[in-house]
Amino acid sequence: MSSFIELSNVSKSYDSPGGGDAVEVFSGINLQVDEGQAAAIVGPSGSGKSTLLNVIGTLDQPSGGEIQVDGLELNALSHKEAAAFRNQTVGFIFQSHHLLPQCTILENVMVPALAGHSKISGDALRQRAEELLEEVGLSDRMHHRPAEISGGESQRVAVARALVNDPKLLLADEPTGALDKANSDKLVELLVSLNDKRNLTLLAVTHSAEVASRMGMTYRLDDGGLVQD
Ligand SMILES: Nc1ncnc2c1ncn2[C@@H]1O[C@H](COP(=O)(O)OP(=O)(O)O)[C@@H](O)[C@H]1O
Ligand SMILES: [Mg+2]
């Protein structure tokens, strides 16, 4: 039986703009993450952590190897299928929350469900967005705009937004990177509880040993290879 996430012999290199040797970011990456697991990826800056997360989320393409997520062979997906996969199966959280400044908090949470792949719309969508905001502790800020809430609160809105299409996988790239200690603790608490309650598979890139220690498993990316910590 295959794992929920399976990488075999995955590599990534970028062509050099000047036409010189390609820059190899990583190669020979093997990784297996079971459904409902929480795993951290750590490693020095520039080691390819974001690139690795992006190829798993089909935001970028590997140069070689195979990736399966939820039984789907990612290499075989058409552009349209990959877009549906990103929208329906994956929730993304980045270091910066990327909330739309002109929309309310509630509208921001609904955005991923407006992309056309979603099974939920209208009143049901609004209700779901309200419930998610309650879950992340922000029901009282629903009608505010992003400029009117704090960085920690914005990142919790980003978590609610990532969950609106009920994904199976949460990919978080340095989700606490821009937060102070108290807000970082609160966000990690939230991610861990979601992983627990919803059987949501969580893959989080982090610089923080403390954040990594809250995940069930830690992998280190260094010198172009991935090893279990
Ligand atoms: N689009 C790109 N073109 C060329 N090189 C890139 C591109 N994106 C990332 N890189 C290079 O790949 C390496 C890994 O980057 P990244 O995945 O962002 O690392 P990390 O997230 O671990 O800091 C870096 O050396 C970076 O310069
Ligand atoms: Mg990065």
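Cut-offs and rules
Residues numbered from 1 in each chain as written. Chains lettered and ligands numbered in written order. Predicted model: local features only at pLDDT ≥ 70, side-chain atom pairs only at ≥ 80, totals over all residues. Heavy atoms only, no water. Helix = DSSP H or I, 4+ residues; strand = E, 2+ residues; numbered from the N terminus. Rg over C-alpha atoms; globule rule 2.2 N^0.38 Å. Buried < 20%, exposed > 50% of the residue type's maximum accessible area, 1.4 Å probe, protein only. Contact = heavy atoms within 4.5 Å. Lys, Arg positive; Asp, Glu negative; His and termini not counted. Charge placed at Lys NZ, Arg CZ, Asp CG, Glu CD. Near = heavy atom within 4 Å. Polar contact = N/O pair within 3.5 Å; in protein donor to acceptor, adjacent residues only side chain to side chain. Areas by Shrake-Rupley, 256 points an atom, 1.4 Å probe, with all protein chains shown as cover. Nonpolar A, V, L, I, M, F, W, Y, C, P; charged D, E, K, R; others polar. Expected span 1.5 Å × (residues − 1). 1 Å grid on protein atoms, 1.4 Å probe; cavity = no way out; pocket = protein on both sides within 12 Å on 5 of 7 lines; lining within 4 Å. Points joined across faces, edges and corners; volume = space filled by probe spheres on them. Phe/Tyr/Trp six-rings, centres within 6.5 Å; stacked < 30°, edge-to-face > 60°.

J.: How should the overall build of the protein chain be read in this particular structure?
T.: Along its length, the protein chain carries 7 helices and 10 strands. Relative to a compact globule of 229 residues, whose C-alpha radius of gyration would be 17 Å, the protein chain shows 18 Å and is just as compact. Counting only C-alpha atoms, the protein chain reaches 50 × 45 × 40 Å along its principal axes. Evaluated residue by residue, the protein chain yields a buried proportion of 50% over its 229 residues. The long-range share in the protein chain, meaning contacts at least 24 apart out of those at least 6 apart in sequence, stands at 72%. Considering the protein chain, the positive charge centre built from 18 side chains and the negative charge centre built from 31 side chains are found 6 Å apart.

J.: Would you take a moment to explain the environment of Leu59 for this structure?
T.: Within the secondary structure, Leu59 is located in the loop between α1 (49-56) and β4 (64-69). Take Leu59: its relative accessible area is 43%, and that puts it in the partly exposed class. Along the chain, Leu59 and Lys80 lie 21 residues apart, while their C-alpha atoms are 13 Å from each other. Ignoring any residue separated from it by four or fewer positions in sequence, one finds Leu59 in contact with Asn54, Arg86, Phe92 and Phe94.

J.: I keep staring at the site of ligand 1 and nothing clicks. Help me out?
T.: Near ligand 1 the following residues occur: Tyr14, Val25, Pro44, Ser45, Gly46, Ser47, Gly48, Lys49, Ser50 and Thr51. Ser50 has a polar side-chain atom sitting 2.8 Å from an oxygen atom of ligand 1. Within the side chain of Thr51, an N or O atom sits 2.5 Å from an oxygen atom of ligand 1. Bound to the protein, ligand 1 loses 56% of the 560 Å² it would expose on its own. Broken down by element, the residue count for the shell around ligand 1 peaks at 3 residues, all from α1. In terms of residue class, the shell around ligand 1 is made up of 3 nonpolar, 6 polar and 1 charged.

J.: Teacher, can you tell me more about helix α6 (residues 181-198) here?
T.: What sets the pattern is the α-helix's 3.6 residues per turn: residues three or four places apart point alike. The end-to-end C-alpha distance of α6 is 25 Å, a good match for the 26 Å that 18 residues give at a rise of 1.5 Å each. Those residues of α6 that sit buried are Ser184, Leu187, Val188, Leu190, Leu191, Val192, Leu194 and Asn195. Residue Asn199 follows α6 closely and has a positive phi angle near 55°.

J.: Sorry if this is basic, but what is going on with unusual backbone geometry here?
T.: Residues other than glycine predominantly adopt negative phi, and peptide bonds predominantly adopt the trans conformation. Phi at His98 takes a positive value of approximately 50°, unusual for a residue other than glycine. Among the secondary structure elements, His98 is positioned in the loop between β6 (90-93) and α3 (105-110). The phi dihedral of Asn199 is positive, around 55°, even though this residue is not glycine. On the basis of relative accessible area, Asn199 is assigned to the partly exposed category, the value being 44%.

J.: What am I meant to see in the layout of surface pockets here?
T.: The probe, sized like a water molecule, is rolled over the atoms to show the empty space still left. Taken as a whole, the largest pocket spans an internal volume of roughly 360 Å³. Around the largest pocket sit 17 residues that line it, and Asn87, Phe92, Pro112, Arg161 and Ala162 are the ones nearest its centre. For the lining of the largest pocket, the elements supplying multiple residues, two or more each, are α2 (79-88), β6 and α5 (151-163). The residue makeup of the lining of the largest pocket, split by class, is 10 nonpolar, 5 polar and 2 charged. Approximately 220 Å³ is the volume attributed to the second largest pocket. Lining the second largest pocket are 13 residues, and of these Thr58, Gln61, Leu74, Leu77 and Ala82 sit closest to its centre. Of the residues assigned to the lining of the second largest pocket, the class counts are 6 nonpolar, 5 polar and 2 charged.

J.: Even after reading the chapter, I still don't get the packing of aromatic side chains, so can you show me in this structure?
T.: Any pair of aromatic rings gets described here by the distance separating the centres and the angle formed by the planes. Taken as a whole and judged by the stated rule, the model has 1 aromatic pair. Considering the side-chain rings of Phe92 and Phe94, the 6.0 Å spacing of their centres and the 0° angle between planes classify their relative orientation as stacked. Using a relative accessible area of 17% as the deciding quantity, one classes Phe92 as buried. You can call Phe94 partly exposed: its relative accessible area is 30%.

All quantities given are derived from atomic positions and should not be read as evidence of function.
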